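So the chains spell out like this:
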Amino acid sequence: MSGFVQSLDSCWTIILAIAAVGVAHYLRKPRTPLLPPGPAGLPFIGNIADVPFDNHWLKFSELGEVWGDILSLTVFGRTMIVINSVKVAEDLLEVHGTNFSDRPVIQMGGELIGFKNGLSLAQYGNRVRKERKVFQRFFGSQTSISQFTPLLTSEIQRLLKNILAHRGDAVNQIRRTMGAITLRISHGYHILDQPRQDPFLEMVETAGKNFASSTKPAAFLVDIVPALRYWPEWLPGGGFHTTAKMWSKQLNETLEAVYEYVKKETAMGTAESSFASTLIEEGMHADYLIKWAAASIQAGGADTTAAQLEAFLLAMSLYPDVQTTAQKELDAVVGSYRLPQISDRAQLPYITALCKEVFRWHVASPTAIPHRSCADFIYERGEGAAPLLIPKNSLIIPNIWKMTHDPERYANPMVFDPTRFIQTDVKAAEPDPFRICFGFGRRICPGKLLADTAVFMVCSAFLAVFSISKATKNGALAEPALGQTSGTVSHPLPFECSVEPRNDEALRLIQSD
């Protein structure tokens, strides 16, 4: 019996020794890093229930409160990486931009409609590098932007007069003006005076709306399940094909119409100098590149800048004390006998801070356009943090809204407060949002300096001559709705405001030439 017990003990000793060797080998063996944390999904469909169809930035922010600055969702086998912090966005999209500069294939807006040919959705490569080099030449420095100052000045003067004539229609007048500015810059085209609707402006605005609608995350089921691209149009659920064909036709007709206009004017020697006319005259670029690059100026500039300026009107109606402070600074520096100029900016620190706050308070592209990882990437987050796997072909979504409303970066982030960007003896200025509102890395918006200049010139001109307040309905102030529309380009929710000349001097200034 004792021999049997000894034999049994020996067996257990051997088993334990083998187990110990196995455990030690497992601990020494390099393990594949895990995906960023995220909610558990269901078999096959994954996290489809966690992917928002509206207000994506808010849902992603809520998920970030649970899962951290970088989280992952998987839908039908496709990995989505959501970034909720500036540091992670810079680590991935800038430091490792080589791997994260591509764009995902967006079935509806990109493939079926054709927006993949525009700079914002084009796959990274020689064509994108060439196009961005051209944009850098036109829009990459304050010196190059200065060539557009006379154009901006004349269109803003026209905007002030149109506001005066249509005081209850300020939002639409802003949209019309931004369309007019970008059409002149891109194609040298002057829109028709009101009340007529300009055909080119109407076409490009429609194309812009279709872009915003067809490229927002999860807008169409075919973007979530790409195989549905081959679903027949005549079967139930195939109606997206009909929409895609209609929007594709409208897009191509728009591009051809405005490009043929500038080609004809250039050939006749009557073209106003513009982005397209300059490249045509140089004869160094294919029509395809010029056509789509010029269209990218229109699509990327008009709608986004209009959204920022709408937010400016909303903020001024909600924060009259901010408006009063800004107007006092303008009166002291500029006076009442001329409009502010871009050269006044250095002497207008509060107006400059106000414009920064416009960009931060309302992000026109809250989740930007997603990036795509070109290869598997191991994200080393630093000492004490486990490395994370970002698989090849993952969608990388920077939640810019969260970054600009992070209470660790911006005190009381929901409040419109320009003083946050002004350093005093008792506090430092908060981080400038300009460096993150236009995206990251090699896909950062190439027109950001032009947008910044336009917003400053329009906001300062408005404040110089107009008082902005809440609209009155039935003898009571109408409280505007707060929030943003869903889409690749996001506007404030519809609202009304009152815009009136500040005084007789302002009225004369508006009516002058």
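Residues numbered from 1 in each chain as written. Predicted model: local features only at pLDDT ≥ 70, side-chain atom pairs only at ≥ 80, totals over all residues. Heavy atoms only, no water.

Draft legend 1. Representation of the overall build of the protein chain within the structure. For the protein chain, the count of helices and strands is 19 helices and 10 strands. Principal-axis analysis of the C-alpha atoms places the extent of the protein chain at approximately 115 × 60 × 50 Å. Considering the protein chain as a whole, with its 513 residues, one finds that 51% of them fall into the buried category. Once local pairs closer than 6 in sequence are excluded, the contacts in the protein chain between residues at least 24 apart make up 71%. Side chains of the protein chain carry 49 positive and 51 negative charges; the gap between the two charge centres is 5 Å. (Helix = DSSP H or I, 4+ residues; strand = E, 2+ residues; numbered from the N terminus. Buried < 20%, exposed > 50% of the residue type's maximum accessible area, 1.4 Å probe, protein only. Contact = heavy atoms within 4.5 Å. Lys, Arg positive; Asp, Glu negative; His and termini not counted. Charge placed at Lys NZ, Arg CZ, Asp CG, Glu CD.)

Draft legend 2. Structural detail: the sheet that holds strand E1 (residues 70-75). With respect to topology, 4 strands assemble into an open sheet ordered E1-E2-E6-E3, the strand pairing being mixed. Of all the strands in the sheet, just E1 and strand E3 (371-372) have a single pairing partner and so form its edges. In the sheet, E3 pairs with strand E6 (residues 395-398) via 2 bridges, with the strands oriented antiparallel. By the bridge assignment for E6, His371 is matched with Ile396. Its contacts with the sheet place helix H2 (residues 56-67) against E1, strand E2 (78-83) and E6, and it is angled at close to 115 degrees to E1. Contacting E1, E2, E3 and E6, helix H3 (residues 86-95) crosses the sheet at an angle of about 130 degrees to E2. (Pairing = 2+ DSSP bridges. Axes fitted to C-alpha atoms, helices over the stretch in contact; angles between N-to-C directions.)

Draft legend 3. Summary view of the packing of aromatic side chains. Applying the stated criterion across every chain, the model contains 22 aromatic pairs. Relative to Phe421, the ring of Tyr410 lies with its centre 6.3 Å away and its plane at 70 degrees, an arrangement referred to as edge-to-face. Of the two residues, Tyr410 sits in the loop between helix H16 (400-404) and helix H17 (434-437) while Phe421 sits in the loop between H16 and H17, which places them 11 residues apart along the sequence. Under the relative-accessibility criterion, Tyr410 is labelled buried at 0%. Classification of Phe421 as buried rests on a relative accessible area of 9%. (Phe/Tyr/Trp six-rings, centres within 6.5 Å; stacked < 30°, edge-to-face > 60°.)

Draft legend 4. Highlighting the environment of Arg420. Summarising the element assignment, Arg420 is placed in the loop between H16 and H17. What makes Arg420 buried here is its relative accessible area of 3%. Separated by 109 residues in sequence, Arg420 and Ala311 have C-alpha atoms that sit 18 Å apart. Here Arg420 is in contact with Glu357, Arg360, Tyr410, Ala411, Asn412, Pro413, Val415, Lys427, Ala429 and Glu430, once residues within four sequence places are set aside. A polar contact of 2.7 Å, which involves the side chain of Arg420, links it to the backbone oxygen of Ala411. Looking at Arg420, its side chain comes within polar contact range of the main-chain oxygen of Asn412, at 3.2 Å. (Polar contact = N/O pair within 3.5 Å; in protein donor to acceptor, adjacent residues only side chain to side chain.)

Draft legend 5. Summary view of helix H9 (residues 199-215). With 17 residues, H9 should cover 24 Å at 1.5 Å per step; its first-to-last C-alpha distance of 25 Å lies within 8% of that length. Residues Phe200, Leu201, Val204, Ala207, Gly208, Asn210, Phe211, Ala212, Ser214 and Thr215 constitute the buried set of H9. Looking at the buried positions of H9, the neighbouring elements they touch are helix H4 (107-113), helix H8 (170-187), helix H10 (221-224), helix H11 (239-268) and helix H13 (287-318). Near the N-terminus of H9, the side chain that reaches the backbone nitrogen of Phe200, with its oxygen 3.0 Å away, is that of Asp198. (Expected span 1.5 Å × (residues − 1).)

Draft legend 6. Just the UniProt feature "binding site: heme" (unreviewed entry) in the protein chain, in detail. Taken from the UniProt record, the annotation "binding site: heme" (unreviewed entry) applies to Cys445. For Cys445, the position within the fold is in the loop between H17 and helix H18 (448-465). (UniProt positions renumbered as here; feature names shortened; annotations may be inferred.)

Draft legend 7. The arrangement of the confidence of the model for the protein chain in detail. Model confidence for the protein chain is summarised by a mean pLDDT of 90, while 94% of its residues fall at 70 or above. Note that pLDDT drops below 50 for residues 23-30; the model gives that stretch 1 contact with residues more than four away or on any other chain. (pLDDT = per-residue confidence, 0-100.)

Draft legend 8. Looking closely at unusual backbone geometry. One non-glycine residue, Phe44, lies in positive phi territory at about 70 degrees. Among the structural elements, Phe44 can be located in the loop between helix H1 (2-28) and H2. The exposure class of Phe44 is exposed, given its relative accessible area of 67%.

Draft legend 9. Examining the pairing of E1 more closely. Most of E1 is tucked away: 5 of the 6 residues are buried. Turn length for the E1-E2 hairpin, with the two strands adjacent in sequence and antiparallel, is 2 residues, and the turn residue Phe76 shows positive phi of about 50 degrees.

Draft legend 10. Main features of the packing of H13 against helix H15 (residues 349-361). Closest axis-to-axis distance for the H13/H15 pair is 9 Å, and the angle between their directions is 110 degrees. Overall, the two elements H13 and H15 adopt an arrangement that is roughly perpendicular. Listed contacts from H15 to Gln308, Ala311, Phe312, Leu314, Ala315, Met316 and Leu318 of H13 are Leu354, Val358, Phe359 and Trp361. (Parallel < 35°, antiparallel > 145°, perpendicular 65-115°, else oblique.)

Draft legend 11. Quick peek at the side chain of Asp91. Summarising the element assignment, Asp91 is placed in helix H3. Looking at Asp91, the relative accessible area reads 19%, which means it is buried. Within the structure, Asp91 has its side chain in polar contact with the side chain of Tyr379 (distance 2.7 Å). Those residues within four positions of Asp91 in sequence are excluded, and the remaining contacts are His96 and Tyr379.

Draft legend 12. Structural context of the nonpolar core. By size, the foremost hydrophobic cluster in this structure holds 78 residues, and its most contacted members are Phe139, Phe275, Phe312, Leu313, Leu354 and Phe462. In terms of residue count, H18 provides more of this core than any other element does, 14 residues in total. In contact with Leu313, not counting residues within four places along its chain, are Ala170, Val171, Ile174, Phe462, Ile468, Phe495 and Cys497. In terms of nonpolar packing, the next biggest core, distinct from the first, is built from 20 residues, Ile81, Leu93, Val363 and Ile396 among them. (Core = buried A, V, L, I, M, F, W, Y, C linked by side-chain atoms within 4.5 Å.)

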